[in-house]
Amino acid sequence: MNQEMAAQAANKDGFIAALDQSGGSTPKALKLYGIDEGAWSNDAEMFDLVHKMRARIIKSPAFTGDKVMGAILFEQTMDRDIDGTPTAQYLWEKRHVVPFLKVDKGLAEAKDGVKLMKPMPELDALLKRAVAKGIFGTKMRSVIDAADPKGIAAVVDQQFEVGKQILAHGLMPIIEPEVTISIPDKAEAEDILLAEIRKHLDDVPAGKQVMLKLTLPTKANLYKPLIDDPRVMRVVALSGGYSRDDANAKLRQNAGMIASFSRALTEGLSAGQSDEQFNGSLASAIDSIFEASRAS
């Protein structure tokens with residue numbers, strides 16, 4: 001593990017930019033960016049467009065390690081270049097932003113109020129490529145749609161089991177059991193989730209740590225015990241569909257959490273903006289999320 005990256009990931013003020021929309025979420029991300037589905041005729045063209053969007057974000061003057069501690073990439077983004085330099089290498093060497101990689105292959109069918117991750121038979125091969133590309137850590141997402149103890153236990157079991165596989169490759173796993181913000185029993189689901197995570201931290205190998213990416217909780221500071229646990233490098237918050245203003249406000253109520261926003265980061269960015277407009281809008285977003293992360 002790159003120790004300079006580890007020190008930044010563990011201690012630096014800032015937040016993680018989630019630039020990892022994949023397959024099914026890519027058209028929506030492009031539409032929010034002002035590019036409708038008629039702009040491409042196949043997946044290759046679609047991914048070319050989204051890479052162009054991500055490269056524009058990464059190359060923007062405000063997108064540096066001063067405020068953006070890390071960035072999560074989609075596999076195809078990792079495999080592409082920015083100005084002739086592999087993306088992860090560009091992030092660290094040119095922007096001093098720690099590179100992470102989304103490794104899950106999407107969600108399985110709903111069962112017991114949750115959606116587990118689909119099987120990942122090629123994960124070891126992907127993790128080897130990630131190490132070779134200079135990736136520091138990974139991210140994988142499950143979804144919790146109800147306060148079902150059986151389902152939530154299954155989500156956390158799977159997340160930590162895969163997390164051990166990731167740790168074995170010398171990478172830092174970001175464990176992401178997302179609680180859907182619109183469910184009526186969100187607070188109850190979060191209580192169950194907290195208890196399950198605390199149980200599984202006992203199984204983290206000696207001398208190792210994990211990171212956690214969690215929905216902004218209904219009860220402020222619910223996850224403080226995880227933030228304070230020495231087996232947890234960092235607890236980051238996903239925006240989960242909240243607007244940037246709402247997400248920032250909720251983040252400020254949770255001491256020690258930092259942001260890992262996707263839609264809330266790119267809100268207001270458009271393909272039709274001039275570079276001056278685009279860079280100004282992104283700088284404003286980065287400043288607001290950085291201040292909310294630092295305030296928390």
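Our subject is the structure that appears above.
What counts as what
Residues numbered from 1 in each chain as written. Predicted model: local features only at pLDDT ≥ 70, side-chain atom pairs only at ≥ 80, totals over all residues. Heavy atoms only, no water. Helix = DSSP H or I, 4+ residues; strand = E, 2+ residues; numbered from the N terminus. Rg over C-alpha atoms; globule rule 2.2 N^0.38 Å. Buried < 20%, exposed > 50% of the residue type's maximum accessible area, 1.4 Å probe, protein only. Contact = heavy atoms within 4.5 Å. Areas by Shrake-Rupley, 256 points an atom, 1.4 Å probe, with all protein chains shown as cover. Lys, Arg positive; Asp, Glu negative; His and termini not counted. Charge placed at Lys NZ, Arg CZ, Asp CG, Glu CD. Salt bridge = Lys/Arg side-chain N within 4 Å of Asp/Glu carboxyl O. Phe/Tyr/Trp six-rings, centres within 6.5 Å; stacked < 30°, edge-to-face > 60°. Right-handed = clockwise from strand over helix to strand, strands pointing away. Pairing = 2+ DSSP bridges. Expected span 1.5 Å × (residues − 1). Arc of directions from axis to C-beta.

### Here's the deal with the overall build of the chain
Argument step 1. Summing up its helical and strand segments, the chain has twelve helices and eleven strands in all.
Argument step 2. Over its C-alpha trace the chain gives a radius of gyration of 18 Å, about what one expects of a compact globule, namely 19 Å for 296 residues.
Argument step 3. Expressed as lengths along the three principal axes of its C-alpha atoms, the size of the chain is roughly 50 × 40 × 40 Å.
Argument step 4. A burial count over the chain gives 52% of its 296 residues as buried.
Argument step 5. Within the chain, residue pairs in contact and separated by at least 24 positions form 73% of the contacts whose partners lie at least 6 positions apart.
Argument step 6. As displayed, the chain has an accessible area near 12200 Å², and 49% of this comes from carbon and sulfur atoms.
Argument step 7. Charge-centre separation for the chain: the mean point of 37 positive side chains lies 2 Å from the mean point of 41 negative side chains.

### Focus: the pattern of salt bridges
Argument step 1. Summed over all chains, the structure comprises 19 salt bridges.
Argument step 2. Notably, a salt bridge pairs Asp145 with Lys115, separated by 2.7 Å at the nearest N-O pair. Pair noted here: Asp145 is in the loop between β7 (137-144) and α7 (149-167) and Lys115 is in strand β6 (residues 114-115), with a separation of 30 residues, a long-range link.
Argument step 3. We classify Lys115 as partly exposed; its relative accessible area is 26%.

### Thoughts on the packing of aromatic side chains
Within a pair of aromatic rings, the relevant descriptors are the distance that separates the centres and the angle that separates the planes.
Argument step 1. In the structure shown here, the tally under the stated rule is three aromatic pairs.
Argument step 2. Ring centres 6.4 Å apart and planes at 80 degrees place the aromatic pair Tyr33 and Phe278 in the edge-to-face group. Within this pair, whereas Tyr33 is found in the loop between α2 (26-32) and α3 (43-59), its partner Phe278 is found in helix α12 (residues 275-295), the two being separated by 245 residues in sequence.

### What to know about the pairing of strand β9 (residues 210-215)
Argument step 1. For β9, the tally of buried residues reaches six of six residues, placing the bulk of the element in the interior.
Argument step 2. For the handedness criterion, the β-α-β arrangement of strand β8 (residues 172-179), helix α8 (residues 186-201) and β9 is classed as right-handed.
Argument step 3. The pairing of β9 with strand β10 (residues 232-238) spans six bridges and is parallel. Paired with Met211 across the strands is Arg234, a residue of β10.

### Remarks on unusual backbone geometry
Argument step 1. Phi at Asp83 is positive, roughly 55 degrees, even though this residue is not glycine.
Argument step 2. Within the secondary structure layout, Asp83 lies in the loop between β3 (81-82) and β4 (85-86).
Argument step 3. We classify Asp83 as exposed; its relative accessible area is 56%.

### Brief notes about the pairing of strand β2 (residues 68-73)
Argument step 1. Burial of β2 is extensive: six of the six residues sit out of reach of the surface.
Argument step 2. Taken together, the five bridges between strand β1 (residues 15-19) and β2 define a ladder with parallel strand orientation. Residue pairing for β2: Ala17 is matched across the bridge by Ala71.
Argument step 3. Summarising the sheet, β2 and strand β5 (residues 98-102) pair through four bridges and their orientation is parallel. Residue pairing in the sheet places Ala71 in a bridge with Pro99 of β5.

### Observations regarding α12
Argument step 1. Compared with the 30 Å implied by 1.5 Å per residue over 21 residues, the 30 Å span of α12 between its first and last C-alpha is a close match.
Argument step 2. Buried residues of α12: Phe278, Leu282, Ala285, Ile286, Ile289, Phe290, Ala292 and Ser293, and no others. Seen from one end, α12 has its buried residues packed into an arc of 165 degrees, which puts them on one side. Those residues of α12 that are exposed and aimed more than 90 degrees away from the buried face are Glu276 and Ala295.

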